[in-house]
Amino acid sequence: HVLEHVLDPVALLREIRRIMKADGVVYVEVPNAGGWSAEVFGGHWLAYDVPKHLVHFTPDSLQAVASKAGLQCVVERHMSWEHSPVTLLQSFLSAWLGGHHLLFRSVSHEASVATRVSFRWALHLSVALVCAIPAAIMSWWLALSKRGDTLGAFFRIDPRASHRGMTALEREEV
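These numbers were taken from a predicted model, which means no experiment stands behind them.

When you go through the protein chain residue by residue, the secondary structure sums to eight helices and three strands. Put simply, the protein chain runs from its N terminus to its C terminus through helices and strands in the order α-β-α-α-β-α-α-α-α-β-α. A total of 174 residues make up the protein chain; the buried ones form 42% of that total. In the protein chain, 78% of the contacts between residues at least 6 apart in sequence involve partners at least 24 apart. Accessible surface computed for the protein chain: about 9500 Å², of which carbon and sulfur atoms make up 64%.

This part is about the side chain of His124. One can find His124 in helix H7 (residues 119-144). Those residues in contact with His124 that sit more than four places away from it in its chain are Gln90, Leu93, Leu97, Gly98, Leu102 and Leu103.

On the surface, Trp81, Trp140, Trp141 and Leu144 cluster together into a nonpolar patch covering about 550 Å² of accessible area. Note that Trp81 resides in the loop between strand S2 (71-77) and helix H4 (84-97). Residue classification places Trp81 among the exposed residues on the basis of a relative accessible area of 56%.

Attention now moves to the packing of aromatic side chains. Applying the stated criterion to the full structure yields four aromatic pairs. On the numbers, 4.6 Å between centres and 45° between planes, the contact of Tyr27 with Phe154 is tilted. With Tyr27 in strand S1 (residues 25-31) and Phe154 in strand S3 (residues 150-157), this pair connects stretches of sequence that are 127 residues apart. Judged by relative accessible area, which is 25%, Phe154 ranks as partly exposed. When the centroid spacing of 5.9 Å and the interplanar angle of 85° are considered together, the rings of Trp36 and Phe41 count as edge-to-face. Its relative accessible area of 11% is what places Phe41 among the buried residues.

This part is about the packing of H4 against H7. Look at H4 against H7: their axes get within 7 Å of each other, and the N-to-C directions meet at 130°. Considered as vectors, H4 and H7 are oriented oblique to each other. When the axes of H4 and H7 are compared, the crossing they make is right-handed. Residues Ser84, Pro85, Leu88, Leu89, Gln90, Phe92, Leu93, Trp96 and Leu97 of H4 form the contact with H7, whose participating residues are Arg120, Leu123, His124, Val127, Ala128, Cys131, Ala132, Ala135, Ala136, Met138, Ser139 and Leu142. Grouping the constituent residues of the contact of H4 with H7 by class yields 16 nonpolar, four polar and one charged.

Calculation rules
Residues numbered from 1 in each chain as written. Predicted model: local features only at pLDDT ≥ 70, side-chain atom pairs only at ≥ 80, totals over all residues. Heavy atoms only, no water. Helix = DSSP H or I, 4+ residues; strand = E, 2+ residues; numbered from the N terminus. Buried < 20%, exposed > 50% of the residue type's maximum accessible area, 1.4 Å probe, protein only. Contact = heavy atoms within 4.5 Å. Areas by Shrake-Rupley, 256 points an atom, 1.4 Å probe, with all protein chains shown as cover. Patch = residues over 30% accessible without salt bridge, like charges linked within 9 Å, V, L, I, M, F, W, Y side chains within 5 Å. Salt bridge = Lys/Arg side-chain N within 4 Å of Asp/Glu carboxyl O. Phe/Tyr/Trp six-rings, centres within 6.5 Å; stacked < 30°, edge-to-face > 60°. Axes fitted to C-alpha atoms, helices over the stretch in contact; angles between N-to-C directions. Parallel < 35°, antiparallel > 145°, perpendicular 65-115°, else oblique. Left-handed = near helix turned anticlockwise from the far one by under 90°. Nonpolar A, V, L, I, M, F, W, Y, C, P; charged D, E, K, R; others polar.

Next up, the structure:
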C-alpha cells in the first residue's frame, strides 16, 4: 500500500518498470475505491483516508495507470486478509455509530488516551468484536465477486506497449 500515497503514480510505476528484470513481476496493492464498501459507506469508508491517500483507484484506473507506465496485468486480486476485513468493519462502525474511524484511530495511536477509555470507544470495540468474523466472511465473499475493499495486481512489463507514453529519455533507459 504505497501507490495511493504518491502524487504521481505513473512516474513511480515507470521507475519500477525501469528497474525490473525483463521477466520480472511486481505486486501492487491499493484500497479499491470501486468496491462495495466504498459505494455503500461513502465518506465513512475507511480507505478514503484523505489527506494520507492522495489518489484512489478502481480496477479500471489502476489498469490505466499501469498501462501508461508500460506494465500489463497478469493477475488481479480483490482481497487482503490484512486490510479488507478491517476496512469493511471500521467503515460499518463509522457509518452506524459515528466517531469517524474511532477504533482504527485508537489502535493506530491517532487518538488520545481519553478517547480510548470513552463510552463510545467501548461501544465501538464491543460491536467490532461481535462483527469481526462476519466482516471477514463478507470480505471474502466481496472478493469473490470482485467488489472487495482491497485491489491487488501482479504486473509485468508489457511487451506490446513497453515504450508507450514514455519520453525519449525514458525509452533509452529501458
